[in-house]
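# Understanding the architecture of this molecule
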Amino acid sequence: KSQSCSLDKHLRRETMLDSVWAVNLKHASVQCSTASQVIEALTKAPNLRFQEWAAKPSLQCSGAIFLKACHVDSFDTPALITSAIATILGIPSAQRDPNPDDKGPIQGIELLYTMPAPSPWTSYSITDLAIPLEASLGDLERAYQRLHCTGLLVLNAQVKASLPCLHAESTARIQWAERCLLAGNIDIGKANFRYLEMSSRQEQRFDLLFEPGNSVIATFVEAAPWRPLVEHILGSDIKCQVSVVYSKPGAQEQTWHADGPHLGKPATDSKSLNQTSPYALCVFLPLIALDNTVGFTQFWPESHRYNHLVGFGGVAPLTESTVDGILPLGSALLYDYRTIHRGMPNVSQDTLRPVLQFLYHKPAYAEKRNYGSASLLDLLA
């Protein structure tokens, strides 16, 4: 049920808006039992002037659909549009404005959000995003085109045999870092900090870089099965930075965010794939089995296309447009550095959730905002 995203009341009148409604077709008296029939009815309505209608069925609420309209902020307020849609579909007035405190199923029609640009809402599963790691040029190009569309891929990497060694290296690195923090009287899990090697990422969540001379990590990076795909996308002249991102028990739901900004042209509309190619890619490799207890990373597919979506991440769950990054152990997930995502809670009693993060980027890009300048070693002095 809804959280709405407010608009700046000073938006220009010609601003293009995306509005999305949840509609329970069980309450519609007209002969509209499918999303396509709803679209047909609304398209024929003379008093609704929209550039584009779209609809998709809800996977969680039987008999409900999500309805999206692209329109100009000169027609009417979203509330009046909601009323017009309800009238066309034959939804009784008592079911057009549900009680906002009611957390039950959709009553009839509910405006979920309005925002001043295209909002991705395609529903994907982990299986939809999975690709084999093949080395032929045709396979690599198909994988890249898929990434360009979705913003993330699940890689059937088959590196399970390497996980124990990588896990041991990660554990040793975490123990070293936390010894440094304790020596500096840092309240681990509560304090916000940024060091050259490590940053906190909200409570009980951390991003810790490996030392450049770690031979185990360096050997794995060179032999990683996804390297041909990364080089096909970014070129062979790339930099790689490896860290362990770990969440302790008690880590809460993270804020929606993108790791990097848009440095080129975003997509012009929801049907175009004309955004600038990525300058950086991340690969997540979980070191333990992920589930709803230890947590995982949740992604908003297609959010890498647009530069206006940071701050609007809350709309993705409303339209069932998220993907839970719960992977088979030994598989990895690759995403465009601009893709919006968030870490989910670790509600276990005593299980730390470590994930290796491989950041590949073109030499022209320099990561400046995720770490600090002072070293953890200074805390030992």
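First things first, this report covers the structure right here in the doc. Everything numeric here is computed off the predicted structure, so don't read it as measured data.

## Observations regarding the packing of helix α5 (residues 163–183) against helix α6 (residues 215–223)
Two numbers describe how α5 lies on α6: the axes approach to 10 Å, and their chain directions differ by 140 degrees. In terms of their interaxial angle, α5 and α6 are classed as oblique. The handedness of the crossing between α5 and α6 comes out as left-handed. Residues C165, L166 and E169 of α5 touch α6, and the partners they reach there are V216, I217 and F220. Residue classes in the contact of α5 with α6 are distributed as 5 nonpolar, no polar and 1 charged.

## Some details on unusual backbone geometry
We note that E302 has phi near 75 degrees; this positive angle belongs to a residue other than glycine. Taking the relative accessible area as the measure of exposure, E302 reaches 8% and is therefore buried. Of note, the phi angle at E320 is positive, near 55 degrees, even though the residue is not glycine. Following the sequence through the fold, E320 ends up in the loop between α8 (315–318) and β13 (323–324). Of the residues examined, E320 reaches a relative accessible area of 12% and is grouped as buried.

## A short note on helix α1 (residues 35–44)
Among the residues of α1, A35, V38, I39 and L42 are the ones counted as buried. Buried residues of α1, seen end-on, are gathered within an arc of 100 degrees and therefore sit on one face of the element. Of the exposed residues in α1, those oriented more than 90 degrees away from the buried face are S36 and K44.

About the cut-offs
- Residues numbered from 1 in each chain as written.
- Predicted model: local features only at pLDDT ≥ 70, side-chain atom pairs only at ≥ 80, totals over all residues.
- Heavy atoms only, no water.
- Axes fitted to C-alpha atoms, helices over the stretch in contact; angles between N-to-C directions.
- Helix = DSSP H or I, 4+ residues; strand = E, 2+ residues; numbered from the N terminus.
- Parallel < 35°, antiparallel > 145°, perpendicular 65-115°, else oblique.
- Left-handed = near helix turned anticlockwise from the far one by under 90°.
- Contact = heavy atoms within 4.5 Å.
- Nonpolar A, V, L, I, M, F, W, Y, C, P; charged D, E, K, R; others polar.
- Buried < 20%, exposed > 50% of the residue type's maximum accessible area, 1.4 Å probe, protein only.
- Arc of directions from axis to C-beta.

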